Amino acid sequence: MDSSNRRQHDDDVPLIFERSAPGAKAVDLPELDVPETPLPDAVISDQPLDLPEVGPLDLVRHYTHLAARNFSVDGNFYPLGSCTMKFNPPINEAVASWPAFIDVHPLQPDEDVQGTLALLYELRNWLAEIAGLDEVCLQPCAGAHGEYTALKMIRAYFTDPKAGNAPQRRVVLAPDTAHGTNLASCTMCGANVVTVASKDGLVDLDDLRRLVNDETAAMMITNPNTSGQFDGQIGDIADILHAAGALLYLDGANMNAIVGVSRPGDFGVDIMHYNTHKTFSTPHGCGGPGAGPIAVRQFLRAYLPVPQVEMRGNRSNPVYYLDYDRPQSIGRVRSFFGQFGVLLRCWAYIAACGPDGLRDVAHTAVLNANYLATLMHDRFELPYFDPGQKRFCAHEYVSVPKTLLAQGVTLIDIAKRLIDFGIHPPTMHWPVHDCLMIEPTETESKATLDRFAQVMLTIAEEIRSDANHLRQAPHKAPVARLDEVAAARVPVLTVAPS
Amino acid sequence: MDSSNRRQHDDDVPLIFERSAPGAKAVDLPELDVPETPLPDAVISDQPLDLPEVGPLDLVRHYTHLAARNFSVDGNFYPLGSCTMKFNPPINEAVASWPAFIDVHPLQPDEDVQGTLALLYELRNWLAEIAGLDEVCLQPCAGAHGEYTALKMIRAYFTDPKAGNAPQRRVVLAPDTAHGTNLASCTMCGANVVTVASKDGLVDLDDLRRLVNDETAAMMITNPNTSGQFDGQIGDIADILHAAGALLYLDGANMNAIVGVSRPGDFGVDIMHYNTHKTFSTPHGCGGPGAGPIAVRQFLRAYLPVPQVEMRGNRSNPVYYLDYDRPQSIGRVRSFFGQFGVLLRCWAYIAACGPDGLRDVAHTAVLNANYLATLMHDRFELPYFDPGQKRFCAHEYVSVPKTLLAQGVTLIDIAKRLIDFGIHPPTMHWPVHDCLMIEPTETESKATLDRFAQVMLTIAEEIRSDANHLRQAPHKAPVARLDEVAAARVPVLTVAPS
Amino acid sequence: MGNCCHGRRGQTQIRSPAVNYVQITEEQRLQMLDRIGVDSVDQLYATLPPQCLLGHPLDLPPAQSELQLQNSLHRLGAANRPAGSPDLACFLGAGAYDHFIPATVNSLTAKGEFVTAYTPYQAEASQGALQAFFEFQTQIARLTGLDVANASLYEGATAVAEAVLMAISVSARRHVLVGETLHPHYRQVLESYLSDLPAELVPLAQTGGRIDEQTVRDALDGDTACLVIQSPNVYGQIEDWSALFAAAHKQDRTLTIAVPNPIACALLKRPGDCGADIAAGEGQPLGIPLQYGGPYLGLFAARRHLMRKLPGRLVGQTVDGDGRRGFCLTLQTREQHIRGAKATSNVCTNQGLLALRATVYLSAMGKQGLRDAALQCYHKAHYAASKITALDGYQLAHDGPFFHEFMVDCPVYAQSIIDAGRQRDIAPGIDCAKLGIGNENQLLIAVTEKRTAGQIDQLCALLQETNC
Amino acid sequence: MGNCCHGRRGQTQIRSPAVNYVQITEEQRLQMLDRIGVDSVDQLYATLPPQCLLGHPLDLPPAQSELQLQNSLHRLGAANRPAGSPDLACFLGAGAYDHFIPATVNSLTAKGEFVTAYTPYQAEASQGALQAFFEFQTQIARLTGLDVANASLYEGATAVAEAVLMAISVSARRHVLVGETLHPHYRQVLESYLSDLPAELVPLAQTGGRIDEQTVRDALDGDTACLVIQSPNVYGQIEDWSALFAAAHKQDRTLTIAVPNPIACALLKRPGDCGADIAAGEGQPLGIPLQYGGPYLGLFAARRHLMRKLPGRLVGQTVDGDGRRGFCLTLQTREQHIRGAKATSNVCTNQGLLALRATVYLSAMGKQGLRDAALQCYHKAHYAASKITALDGYQLAHDGPFFHEFMVDCPVYAQSIIDAGRQRDIAPGIDCAKLGIGNENQLLIAVTEKRTAGQIDQLCALLQETNC
Ligand SMILES: Cc1ncc(COP(=O)(O)O)c(C=O)c1O
Ligand SMILES: Cc1ncc(COP(=O)(O)O)c(C=O)c1O
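Nothing here was measured: the structure is a model prediction, and the numbers come from that model.

Parameters and conventions
- Residues numbered from 1 in each chain as written.
- Chains lettered and ligands numbered in written order.
- Predicted model: local features only at pLDDT ≥ 70, side-chain atom pairs only at ≥ 80, totals over all residues.
- Heavy atoms only, no water.
- Helix = DSSP H or I, 4+ residues; strand = E, 2+ residues; numbered from the N terminus.
- Rg over C-alpha atoms; globule rule 2.2 N^0.38 Å.
- Buried < 20%, exposed > 50% of the residue type's maximum accessible area, 1.4 Å probe, protein only.
- Areas by Shrake-Rupley, 256 points an atom, 1.4 Å probe, with all protein chains shown as cover.
- Lys, Arg positive; Asp, Glu negative; His and termini not counted.
- Charge placed at Lys NZ, Arg CZ, Asp CG, Glu CD.
- Contact = heavy atoms within 4.5 Å.
- Buried area = accessible area lost by both parts, 1.4 Å probe.
- Salt bridge = Lys/Arg side-chain N within 4 Å of Asp/Glu carboxyl O.
- Polar contact = N/O pair within 3.5 Å; in protein donor to acceptor, adjacent residues only side chain to side chain.
- Nonpolar A, V, L, I, M, F, W, Y, C, P; charged D, E, K, R; others polar.
- Disulfide = S-S within 2.5 Å.
- Pairing = 2+ DSSP bridges.
- Axes fitted to C-alpha atoms, helices over the stretch in contact; angles between N-to-C directions.
- Near = heavy atom within 4 Å.
- Parallel < 35°, antiparallel > 145°, perpendicular 65-115°, else oblique.
- Left-handed = near helix turned anticlockwise from the far one by under 90°.
- Phe/Tyr/Trp six-rings, centres within 6.5 Å; stacked < 30°, edge-to-face > 60°.

**Focus: the overall build of chain A**
Argument step 1. What chain A contains, in helices and strands, is 15 helices and 14 strands.
Argument step 2. Relative to the 2.2 N^0.38 estimate, which gives 23 Å for 498 residues, the radius of gyration of chain A is 25 Å and therefore close to what a compact globule would have.
Argument step 3. In terms of overall dimensions, chain A has C-alpha extents of about 75 × 70 × 45 Å along its principal axes.
Argument step 4. Within chain A, buried positions represent 71% of all 498 residues.

**So, the overall build of chain C**
Argument step 1. When its secondary structure is counted, chain C shows 14 helices and 17 strands.
Argument step 2. Burial status across chain C gives 69% buried among its 468 residues.
Argument step 3. For chain C, the computed accessible surface area is about 13,700 Å², with 50% contributed by carbon and sulfur atoms.
Argument step 4. Separation of charge centres in chain C, based on 38 positive and 45 negative side chains, amounts to 6 Å.

**Structural notes on the interface of chain D and chain A**
Argument step 1. If you look at the interface, chain D gives 193 residues, while chain A gives 204 residues.
Argument step 2. Taken together, the two surfaces of chain D and chain A that pack against each other cover about 16,800 Å², and 63% of this comes from carbon and sulfur.
Argument step 3. Its largest share of buried area at the contact with chain A, chain D owes to Y21, E124 and Y292 of chain D, together 7% of the area lost on that side.
Argument step 4. Counting every contact that joins chain D to chain A gives seven salt bridges.
Argument step 5. Joining chain D to chain A, the criterion identifies 93 residue pairs in polar contact (both at pLDDT 80 or more).
Argument step 6. Among the elements that make up the side of chain D that touches chain A, the one with the highest residue count is helix α11 (residues 352-389) of chain D (22 residues).
Argument step 7. Residue classes in the side of chain D that touches chain A are distributed as 96 nonpolar, 64 polar and 33 charged.

**Comments concerning the state of the cysteines**
Argument step 1. Inspection of the entire model under this criterion finds zero disulfides over all chains.
Argument step 2. With no disulfide of its own, C393 of chain B lies closest to C435 of chain B among cysteine sulfurs, the gap being 14 Å.

**Some words on the interface of chain C and chain A**
Quite often, the size of an interface is put as the accessible area lost when its parts meet.
Argument step 1. Taken together, the contact between chain C and chain A spans 16 residues of the former and 19 residues of the latter.
Argument step 2. Between chain C and chain A we count zero salt bridges in total.
Argument step 3. At the boundary of chain C with chain A, the tally comes to two residue pairs in polar contact (both at pLDDT 80 or more).
Argument step 4. Elements with a contribution of two residues or more to the side of chain C that touches chain A: α1 (26-36), α2 (66-78) and α3 (103-109) of chain C.
Argument step 5. Looking at the side of chain C that touches chain A, its residues break down into five nonpolar, eight polar and three charged.

**With respect to the side chain of S363 of chain D**
Argument step 1. As for its position among the elements, S363 of chain D is in helix α11.
Argument step 2. Given the relative accessible area of 1%, S363 of chain D is considered buried.
Argument step 3. In this view, S363 of chain D contacts I16, P52, V54, L59 and Y63 of chain A together with Q139 of chain D; residues no more than four positions away in its chain are not counted.

**Focus on the sheet that holds strand β14 (residues 436-438) of chain A**
What holds strands together in a sheet is hydrogen bonding between their backbones, with the strands either parallel or antiparallel.
All names here are of chain A.
Argument step 1. Reading across from one edge, β12-β14-β13 is the order of the three strands in this open sheet, with antiparallel pairing throughout. Edge positions in the sheet fall to β12 (397-399) and β13 (427-428), since each of these pairs with one other strand and no more.
Argument step 2. Bridging between β12 and β14 involves three bridges; their strand directions are antiparallel. Pairing of Y397 across the sheet is with I438, part of β14.
Argument step 3. On top of the sheet, helix α10 (residues 340-376) reaches β12 and β14; it is set at about 20° to β12, its chief contact.

**A look at the pairing of strand β17 (residues 442-446) of chain D**
Here is the key point about a regular strand: its side chains alternate between the two faces of the sheet.
Residue and element names in this part refer to chain D.
Argument step 1. Taking burial as the measure, the five residues of β17 include five buried ones, the bulk of the element.
Argument step 2. Here β17 shows two buried faces, one formed by Q442, L444 and A446 and the other by L443 and I445.
Argument step 3. Bridge count between strand β14 (residues 405-409) and β17: five bridges; the pairing is antiparallel. When the sheet's bridge partners are listed, E405 is paired in β17 with A446.

**So, the site of ligand 2**
Argument step 1. Neighbouring ligand 2 are 14 residues, the closest being S82, A144, D251 and K278 of chain B together with T349 of chain C.
Argument step 2. Residues near ligand 2 are shared among chains B and C, making this a multi-chain site.
Argument step 3. Contact between ligand 2 and A144 of chain B: an oxygen atom at 2.8 Å from a main-chain N or O atom of the residue.
Argument step 4. Between ligand 2 and H179 of chain B, the relevant distance is 3.4 Å, taken from an oxygen atom to a side-chain nitrogen or oxygen of the residue.
Argument step 5. In the complex, 99% of the free accessible area of ligand 2, which totals 390 Å², lies under the protein chains.
Argument step 6. With three residues, the single largest contributor to the shell around ligand 2 is helix α5 (residues 143-159) of chain B.
Argument step 7. For the shell around ligand 2, the class distribution of residues is five nonpolar, six polar and three charged.

**Topic: the site of ligand 1**
Argument step 1. By nearness alone, 14 residues border ligand 1, and S82, A144, D251 and K278 of chain A together with T349 of chain D come closest of all.
Argument step 2. Residues within reach of ligand 1 are spread across chains A and D.
Argument step 3. Residue S82 of chain A places a side-chain N or O atom 2.7 Å away from an oxygen atom belonging to ligand 1.
Argument step 4. Interatomic distance of 2.8 Å between a backbone N/O atom of A144 of chain A and an oxygen atom of ligand 1.
Argument step 5. Coverage of ligand 1 by the protein chains reaches 99% of its 390 Å² of free accessible surface.

**Quick word on the side chain of T149 of chain B**
Residues and elements named next belong to chain B.
Argument step 1. On the secondary structure map, T149 appears in helix α5.
Argument step 2. Of the residues examined, T149 reaches a relative accessible area of 0% and is grouped as buried.
Argument step 3. In this structure, T149 is in contact with P140, I294, P305, I330 and V333, ignoring residues within four places of it in sequence.

**Topic: the sheet that holds strand β7 (residues 224-231) of chain D**
Residues and elements named next belong to chain D.
Argument step 1. In spatial order, the strands read β4-β10-β9-β8-β7-β5-β6; together these seven strands make up an open sheet with mixed pairing. The sheet is open, and its two edges are formed by β4 (148-149) and β6 (200-204), each paired on a single side.
Argument step 2. Sheet strands touched by helix α9 (residues 241-248): β7 and β8 (255-260). Its angle to β7, the strand with the most contacts, is close to 175°.

**So, the packing of helix α12 (residues 414-423) of chain D against helix α14 (residues 453-467) of chain D**
Residue and element names in this part refer to chain D.
Argument step 1. Relative to each other, α12 and α14 sit at 120°, their axes nearing to 10 Å. It follows that α12 is oblique to α14 by the angle criterion. In terms of crossing hand, the pair formed by α12 and α14 is right-handed. Each of S416, I417, A420 and G421 in α12 lies in contact with α14, whose residues at this interface are L462, L463 and T466.
Argument step 2. Of the residues that constitute the contact of α12 with α14, the class distribution is four nonpolar, three polar and no charged.

**What about the pattern of salt bridges?**
Argument step 1. Per the counting criterion, the structure on display carries 88 salt bridges over all chains.
Argument step 2. Here R464 of chain B makes a salt bridge to E461 of chain B, at a shortest N to O gap of 3.7 Å. One end of the pair is R464 of chain B and the other is E461 of chain B, both in helix α13 (residues 446-465) and three residues apart, which spans about a single turn.
Argument step 3. Of the charged contacts in the structure, one is a salt bridge between R187 of chain C and E191 of chain C, with a shortest N-O distance of 2.8 Å. With R187 of chain C and E191 of chain C both in helix α7 (residues 184-194) and four residues apart, the pair spans about one turn of that helix.
Argument step 4. One salt-bridge network, held together by shared partners, links R124, E135, R301, E310, D323 and R326 of chain A.

**Observations concerning the environment of V41 of chain D**
Argument step 1. Mapped onto the secondary structure, V41 of chain D falls in the loop between α1 (26-36) and α2 (66-78).
Argument step 2. Taking the C-alpha atoms as reference points, V41 of chain D and R308 of chain D, 267 residues apart in sequence, are found 48 Å from one another.

**Focus: the packing of aromatic side chains**
Argument step 1. Within the structure shown, the criterion is met by 42 aromatic pairs over all chains.
Argument step 2. A ring pair is formed by F230 of chain A and Y45 of chain D, whose centres lie 5.2 Å apart and whose planes are at 35°; its orientation type is tilted. One end of the pair, F230 of chain A, is in the loop between β6 (216-222) and α8 (234-243); the other, Y45 of chain D, is in the loop between α1 and α2, on a second chain.
Argument step 3. Relative accessible area serves as the criterion here: at 3%, F230 of chain A is assigned to the buried category.
Argument step 4. Residue classification places Y45 of chain D among the buried residues on the basis of a relative accessible area of 3%.
Argument step 5. Between the aromatic rings of Y157 of chain B and Y303 of chain B, the centroid separation amounts to 6.3 Å while the plane-to-plane angle is 75°, which identifies the pairing as edge-to-face. With Y157 of chain B in helix α5 and Y303 of chain B in the loop between β9 (294-296) and β10 (308-312), this pair connects stretches of sequence that are 146 residues apart.
Argument step 6. Of the residues examined, Y157 of chain B reaches a relative accessible area of 15% and is grouped as buried.
Argument step 7. Three or more aromatic residues link up through ring pairs in this structure, and these residues are W98, F101, F337 and F340 of chain A together with Y292 of chain D.

Now the structure itself:
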């Protein structure tokens, strides 16, 4: 088809470098108001620094055009399974930009940042309560970083002669549906991953029993799991591990299905990480930032990273401070304290929800997913969903549309066609091959869910009536389908020097 | 052609009312924390108030989608003659949203708002200096409101026995190219407009001499005029009027062509209004707000509206206050003081430019217009532009593309086709019929000007090669060409009650 | 550092330090001059007679970079004590109210696609703005209980003046009856608007803070163009629109003009319910910051038969070539750019972005939210009034029904209370003498949904202690 | 006001007060339950064993409405004394610097289309983010003088740790030479990252605030994986990368890791110019607010031959079906979601929005602007240093070349100077003892382009008076 149909009315956007005009600039500084000091030639660069040279309006137009070429929750339904793309309220963006917070330097004395520390201290305790665990560390930069931090602590515990005292425990178990970061984090901590088989999308207990032994440090589990099911065996799993002297680690990526309804600490979890953008709606910013606070049981507290935010004095006039005096700590996992700007939004989320609101968040996440699954499941096979048998999903569900794919289209074709309808494609090929992982989230309206189901059925129709139209999708994006294979063959990662 | 080509990937946007779901809401208030007082039935409405009911995410999506369907300076070249659509820098939007300014109540005692008053006092004096006149009133809400205010003052002057003392002067002269507001403002002030003919796009002095008499109160003139020319006769015009005891009024809409280069007060103007969004880049917000400060000569000061912002005490510790004690004032022209949020941006513009910057603004406005005219003028007739004869335009120029229109397309076809290229059409059919009024403004880059010229030539080509494509334009807007006649025949101005 | 360059004829052109306002580089400027065929920009000004040229630079402060600008404005801001700040308790009203503004209103209306667009003359390129204004017109029509609304006017006082001018021309009559209970600024603007026209302002005296029916009957005559009544009025009192407008309609061609408070419209009988032909007033309470009085939002609604006489822009629904729904400006033959001297008004630029704020605000608050806000205003104001009247020395100046504002007779100068409030971060109200609606012992107090019981109690404490 | 509704089986479901986080109305909830075929949401949790269910509501404060939230956070903010505020003069650095941030950076990166998007896995729906990151990678590669850069890591310290892990795996060696002049936080993070791996951190002692060549030679051996040198280092001193890296390259497989300051890169010799194989560090100075230490921006660049070993995401250029240029994530086989335990790193979520900030910042400052900023940092810091050393009792702790930060030996406790500064709205510097880089008489002072001569003079006055 005529490629111009695909274009939005703005032309393809040139690179910012291609907008350069020698001498153009978008910003000026005050004139230098101090005497100059000679520059020591030895250390000064003689290479030209080839950055863009553009005026302020061209700059604004450039990034305005790029923004227009990006799907986002603000503009599009974004049912990306496991990524929990939910609404980021403007109020949270507003407060997070207040000078009282963003102008604070990380090395200011505690007495100058009591507001910031108070907020962090409160959040630390709120997250412990939500987890049903004893202490929280707010520092990790994202989920994977939380995994890393937690695994370091598990290791510290087992190498502590006065505690775990089992340095030989270097094995970490993970289900075959585990997220890639779980495995990669183990490697970074020098642990060996052993995979536990799944049965019907749940942990195969027999395989688990077979694999647990005195080299097992812990099992990392996600519950609800990555195929969108509550694993009801969680109690047994905890027992099996604890009986063998190993720990149960929860990947909290799916907490939004159970927050306020069920607490990890109450079902046997010893240590876990949160993922603030998934559970507490901190915006994901095209890839980040995130935050991955971890929560632990009493016996692991000593190993938490430094510094920890603490309170002295009494409730009526509290004094907050950073505590570095933790001899058994695993040390530092990042510079300064943490992703404050993200944690502030997390605080605002919990403060706005309160206890009832948090439970309602979980209830509605589960309600929306099951409603959408119900609307879809006769055309799109949902292996783990069968309301007839009272088998439901949690906050997301997996579809393996065999029948449709049998008609000669690929999962990609379906995904790319969704783009034409202004809908972001679901997660694909994970946790199992040829699957769509669909997570509507609790912040979507019924109207949006109904429309999505309608569009999916329309696409199912198109597969029969006009499969080629699908194979050529997207038709209304700024570009046609991109050749990702070519991109990897001879990678072009930067603009060639002008 | 298939209408879907015209659609952006979002579907047509429903009305916010069509997104309503009973019980949905986007905002909550704190619980009522005082005892309730019974409502007096007599005054309480029993009618349902049928406002939208939408959730917060649907609300954000709705207006995000609407924004995506709007051309703007941030996204598009916008050469709308006389409207001066120039860059609105983010810094001005940022400072205008500071709580220190927007949380100020208009009836706070002067001592509580010294910062606000100081800014207004400075701006008042800056604008007087730029005009070369003696005093400025910042209150008018827009250009037309400035006209109204100024005309009231002229009337007050002539009805003042101790001053103009010529109540019979009720006639205001205006060139046949005058902006509609000039004429309408006269009517609102009870003045009679008499039109002065133009010769070759400039005031016909003979006609002016013929029309001036002892009933003439003033002449309203725009210079550079509305067809983009400096009227070099301005000195003579002033003399003719002054000799006859009438005043010269300047419509300052085109000040950005002369700011820092030439001062109205220096070429005989007695009274004028500014248009802040045209000259000082206050954003136009889909139609407003604006501000239309007026500047006057000494002998008109007494009639300025109340209140005026004044300073007492000395420069080293000034005290600013609002002065209501102006016995000869025409009174109030609006509630409270003025469009503060707009005036703040205006202050920021002048402060950022400084004297050299302002002159450079004018120089560049004129440079850009003449450059663009040069690139266009062999294909698009420019009646008042002929570099060969050293005849140049000011900051904008008129094109009357007779030859192209002779090929069977209309001005509208050309305008709508521009939309497909992401360019906002120029002003049409004003100040003369079948003309395009093109104003690039000083904030555009050379690359943008070059592209526009290129696009105009492409369109000129298309008129020959594929006129139908033009007649059906736009092809890439969210809607095809709209039927404006039908809209006026049976006006639908509101959503039918649900 | 305005770098300097010598035009080929030797004259100097100082180049701009205003990085935000000029994108042309020195090099490009020379290329462009070349292409035009001149040596310097000065030649492009050739038609300006030399005596018109300014010989010297303007006498203005030197250019400030963005960082300096931020600092200068920070200093100016620091010299304010904004009553609407969370650090204060603001009980100021009299036409500008401190209501809660949801963050979503700020973020959605700050989008560059809205902020930096012009009037939507080119419909196909402006569907976003046009649809939003169509939604606005609908919301305002429903809020006022009338048939049609325009896409905004400047602010409350000028909107009322426009309504009166329209009534004069529609009725072809000269007398304008105006209740004394109208905000004094509005009254003063009206006087100036009428002063040079064949029209006469006839003030209606108040009794107990309201206009009564008999006063209207007495003033009404065969030359009455319209009756203007604000409710809640400047004292906060709720007028009996239905009775007053019914009385005015005894003269068939007389038009009734209601000046409402848009938040009150969510609770009280609306202009349209009470026989108003036109509603005109201030839209600031609908999500617009106080910002020292502007930009605000002029609201204008009327009955359908007046549609073709309305001032200002109107958006209409239509269809495109494929039958798709779309929106465009309509009935433009009323307007100055078509009709010139015969236009219904001179208004051109309006308050588009503020109308958009109101649209988003009303959509965000929604049916229930707006009513809740109005109810909380009502209950909190009445709670405050009852607490204040319980203090000795303080009583209400009027005994009629009120919405969220009321006038108090104080045992001391209102000014002394205001001064005392400064020490305690309370802006207790407005000095009625200063505003010209009462004596120096009278304080006008407004209570919005934003005020807390605690703040109201602090206000009472302040009043009590300023008493003795 | 969590309104209450009784599910048909009688059990109560408290509905949410969290208006921003749930859009389903009570009525819709019942319809949806119906459609699913259950009576209550509880049944959807059937697979959760009863003992897993929380019997009671969480022990958290009650829900706050938006207005209450604003007020609570306003109170918390008021308890801070932000050093970066225009009311203060901030001389704090040590890895986080108070640079000027153009307003355009804030407004462009606040666009919802960027803020609320996920990682651009679906290229056709994410060209905006992908192109911006491609521009970012190019800018960082040019800034560091290296061939390729990734699309960001968490922050400076973890970026350096990732660089070291990469060097260990590429070189298949175990010894990690780390200059003692590295920021102590970075050093501590490195220790924790290496602690459970077959690797050993070998600290290199400083002499006069810098690492000298001989020290590197002595520590180098056949098992040296990499050499890590920060410059300007934690004392602000500029290290001789060229010499140190040349020494390290005597061992062919040893990789050299530079830890640069991105602003300094606009003025000083860049890592790539000095023989660095990898540059890893903190991007906060590139338009990112101080915000108490995060979110910041991990920068990572390397020579092309290391491309397939890079941690984190990479954006590559490609073409679409019509040959149009486009961008997509590439070389994903390095990453955890494909490669699992064998991935080059565990990083998934990165700092996308901060990378976008840096991209817009670098595009806004541009070639000249960034160099100007660097020059002003240099000149102002050296002006400050010369004024301070002129005060009696004060001298520089080191005599090597520095960029915009330096350590001062004081005649009094650094803490007492910091306390005195509080009275005068000056944050004079960082207590070196507290940071663990010196004694309690040493103050670390950073001077950015934002500081004025006046503020520097105030700092000197403070130091002088705190002396006696
Ligand atoms: C189940 C699961 N675990 C871990 C992660 C990693 O979290 P992050 O991307 O914040 O590092 C994710 C998110 O991608 C996830 O979905
Ligand atoms: C020449 C001229 N005069 C007057 C006006 C009216 O100004 P405003 O729209 O601000 O009322 C305009 C703007 O449209 C104009 O171009």
